[in-house]
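Letter by letter, the chains look like this.
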Amino acid sequence: MDWSNDRNLTMLVDFYELTMANGYLEMGLKDKRAVFDMFFRKIPDGGGFAICAGLEQVINYLKNLHFTAEDIDYLKGKNLFSEAFLNWLRDFKFSCDVWAVPEGTPIFPNEPVVTVEGPIMEAQLVETMVLLSVNFQSLVTTKANRIVRAASGRSVFEFGSRRAQSYDAAVLGARAAYIGGCSGTACAIADREYQTPAMGTMAHSWVQLFDTEYDAFKAYAEVYPDSCTLLVDTYNVLKSGIPNAIRVFNEVLAPKGFRPKGVRIDSGDIAYLSKKARKMLDDAGYPDCGIVASNSLDEYLIRDLILQGAQINSFGVGENLITSKSDPVFGGVYKLVAVMDGGQYIPKIKLSEAAEKITTPCKKMLYRLYNKDSGQPVADYIAMFDEKVPESGPITLFDPIDTWKAKTFDNVSIRPVLVQVFKDGQCCYETPDIETIKARCREQVDSLWEEVRRFENPHRYYVDLSQDLWTCKQRMLAERKL
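Residues numbered from 1 in each chain as written. Predicted model: local features only at pLDDT ≥ 70, side-chain atom pairs only at ≥ 80, totals over all residues. Heavy atoms only, no water.

What follows concerns helix α13 (residues 299-307). Of all the positions in α13, only E299, I302 and L305 are classed as buried. For α13, the angular spread of the buried residues around the axis is 130°, confining them to a single face. Each element contacted by the buried residues of α13 is listed here: α6 (127-150), α12 (270-283) and β11 (314-317). Measuring from the backbone nitrogen of Y300 back to the side-chain oxygen at the start of α13 gives 3.1 Å, which picks out D298 as the cap. Looking one or two residues past α13, G309 carries a phi angle of roughly 80°, positive in sign. (Buried < 20%, exposed > 50% of the residue type's maximum accessible area, 1.4 Å probe, protein only. Helix = DSSP H or I, 4+ residues; strand = E, 2+ residues; numbered from the N terminus. Arc of directions from axis to C-beta. Contact = heavy atoms within 4.5 Å. Polar contact = N/O pair within 3.5 Å; in protein donor to acceptor, adjacent residues only side chain to side chain.)

Quick look at the side chain of S413 now. Position of S413 among the secondary structure elements: in strand β18 (residues 412-416). Of note is the side chain of S413, whose polar atom sits 3.5 Å from the side chain of R415.

The topology assignment puts M202 in the loop between α8 (188-194) and α9 (204-209). A residue is classified by how much of its surface remains accessible, and M202, at 6% relative accessible area, is buried. Placed 165 residues apart in sequence, M202 and Y367 show a C-alpha to C-alpha distance of 48 Å. Each residue touching M202, except ones within four places of it in the same chain, is listed here: V207, Y220, T229, L230, L231 and R264.

Our focus in this paragraph is the packing of aromatic side chains. How two aromatic rings sit relative to each other is set out by the distance from centre to centre and by the angle between their planes. Tallied over the full model, the rule gives 18 aromatic pairs. With a centroid separation of 5.3 Å and an interplanar angle of 75°, the aromatic rings of W88 and F92 are classed as edge-to-face. Side by side, W88 and F92 carry an identical accessibility label, which is buried. For the ring pair W449 and Y461, a centre distance of 6.4 Å and an interplane angle of 55° mean the geometry is tilted. Of the two residues, W449 sits in the loop between α15 (434-447) and β21 (463-465) while Y461 sits in the loop between α15 and β21, which places them 12 residues apart along the sequence. An identical accessibility class is assigned to W449 and Y461; each is buried. Clustering of aromatic rings is evident, with ring pairs tying together F15, F67, F81, F85, W88 and F92. For the cation-ring pair, R175 lies above Y194, with the distance from its terminal atom to the ring centre recorded as 5.6 Å. (Phe/Tyr/Trp six-rings, centres within 6.5 Å; stacked < 30°, edge-to-face > 60°. Lys NZ or Arg CZ within 6 Å of the ring centre and 35° of its normal.)

Ordered by their spatial adjacency, 6 strands build an open sheet running β7-β6-β11-β10-β9-β8, and the pairing between neighbours is parallel. The two strands at the open ends of the sheet, each matched to only one other strand, are β7 (184-185) and β8 (229-231). Inspection of the sheet shows strand β10 (residues 290-293) paired to β11 by 2 bridges, in the parallel sense. By the bridge assignment for β11, V292 is matched with S314. (Pairing = 2+ DSSP bridges.)

Strands in a sheet are paired, the pairing made by backbone hydrogen bonds, and the direction either parallel or antiparallel. One open sheet holds the 4 strands; their spatial order is β18-β14-β15-β21, and the pairing between them is mixed. The strands lining the two open edges of the sheet, one partner per strand, are β18 and β21. Recorded for the sheet is a direction-independent mean angle of 25° between the axes of neighbouring strands. Of the strands in this sheet, β14 (364-371), β15 (377-384) and β21 are in contact with helix α16 (residues 467-479), which crosses β15 at around 55°. (Axes fitted to C-alpha atoms, helices over the stretch in contact; angles between N-to-C directions.)

Turning next to the pattern of salt bridges. Following the criterion strictly, the structure yields 28 salt bridges and no others. E56 is the salt-bridge partner of R175, the closest N and O atoms lying 2.8 Å from each other. Taken together, the residues R175 in helix α7 (residues 167-179) and E56 in helix α2 (residues 55-63) connect sequence positions 119 residues apart. The salt bridge partner of E299 is K143, with a shortest N-O separation of 2.9 Å. Of the two residues, E299 sits in helix α13 while K143 sits in helix α6, which places them 156 residues apart along the sequence. Note on accessibility: E299 and K143 belong to one class, buried. In this structure, a network of salt bridges that share partners links the residues R33, D97, E117 and K363. (Salt bridge = Lys/Arg side-chain N within 4 Å of Asp/Glu carboxyl O.)

Laid out in structure tokens, this is it:
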């Protein structure tokens with residue numbers, strides 16, 4: 001099941017993708033074979049790594065590419081496109097090859113995350129959907145993982161549906177957050193579509209509706225005796241909220257043989273309030289009653305709360321997660337890196353006065369080096385696609401900028417990271433279920449160096465070019481000096 005399956009998103013393109021496709025056809029280039037890389041330049045929040053997500057949506061989009069009669073009529077009405085181009089759209093069938101990093105995998109700047117190879121008109125046309133699918137979900141998954149790691153084993157729930165930037169962002173953001181490590185979501189439809197467990201208790205309006213806070217708590221406990229979590233900060237957490245919750249636990253739940261699930265604090269000095277609330281609950285005989293905290297939390301606030309000894313069992317995180325509010329743009333780009341001519345790949349490069357915007361040419365393959373003893377990834381290696389790369393060390397890597405920095409890795413296994421997902425337009429990849437993706441994310445993040453996982457000033461993970469690829473790039477830079 002996929003949230004986008006019931007909608008034809010073929011026309012979700014930047015208009016220039018259509019004008020360029022029409023131009024390619026008019027210039028006799030429709031069958032010109034091209035290679036595009038999707039990659040990103042900067043890790044959000046100054047982190048040490050990002051996490052790939054959104055591939056399932058890319059795959060479903062590519063499977064369902066077709067132009068409707070309404071699409072053709074719209075484009076014809078622009079009086080901009082040739083009849084030959086409109087006929088090409090009527091008969092359109094995706095035929096490209098696609099490689100991608102599996103969802104839940106840590107990724108690093110300037111690595112190919114998705115590679116599309118095929119007729120230039122087709123490969124250019126899918127740019128927008130590839131970018132928006134991978135950019136958004138990778139952003140939210142990366143942020144969610146930071147927050148989950150800050151929680152140090154405590155559950156984190158995604159509570160951001162009402163703050164998400166559109167309904168698509170709410171649903172797919174909940175999916176991405178679950179991949180990143182969240183235990184569940186407040187978004188019911190995300191649970192239905194993607195099996196991200198939905199949970200929820202009450203809003204302040206429930207408490208306000210009743211004549212007294214006690215009446216509100218009593219009514220809720222009577223309806224949900226086996227899953228009773230009460231929101232205790234509508235009026236005063238310590239003077240009324242916790243005392244009324246304890247009274248209801250004693251008078252409603254205990255006689256029926258139920259134990260309370262928890263109380264939720266959504267405002268105030270959460271560290272102080274949680275410690276006081278914990279003592280009150282313990283003294284009343286409810287040490288198993290959890291305390292949930294919410295209210296504009298992020299990884300730094302959660303980390304500080306834990307350092308201050310806050311007695312919190314789980315966290316609900318909303319806008320700061322679903323929008324990645326502190327750094328809300330993932331910044332992935334989609335660039336031409338090679339074209340086929342005479343049966344050979346001809347590398348292409350984009351130059352810029354900003355060094356970070358200079359692309360790496362050629363069709364490429366991404367490899368990851370793992371220490372054979374620990375299984376820990378130690379470096380990534382980008383090589384020519386058809387370059388022979390050994391399956392194990394020794395292999396010497398050097399920094400693409402500071403080339404004098406070199407290191408030989410001996411005790412390593414070398415594995416490709418990119419997997420082929422489409423061949424000649426046909427999907428050849430079985431998308432894992434979301435629990436498998438989430439487990440991959442957890443295992444691979446846990447295997448990274450602790451220094452790479454730091455929030456502040458993380459160690460820079462090594463991402464190096466092969467000698468052949470580096471030489472090709474330097475040659476092209478020398479030929480095209482600004």
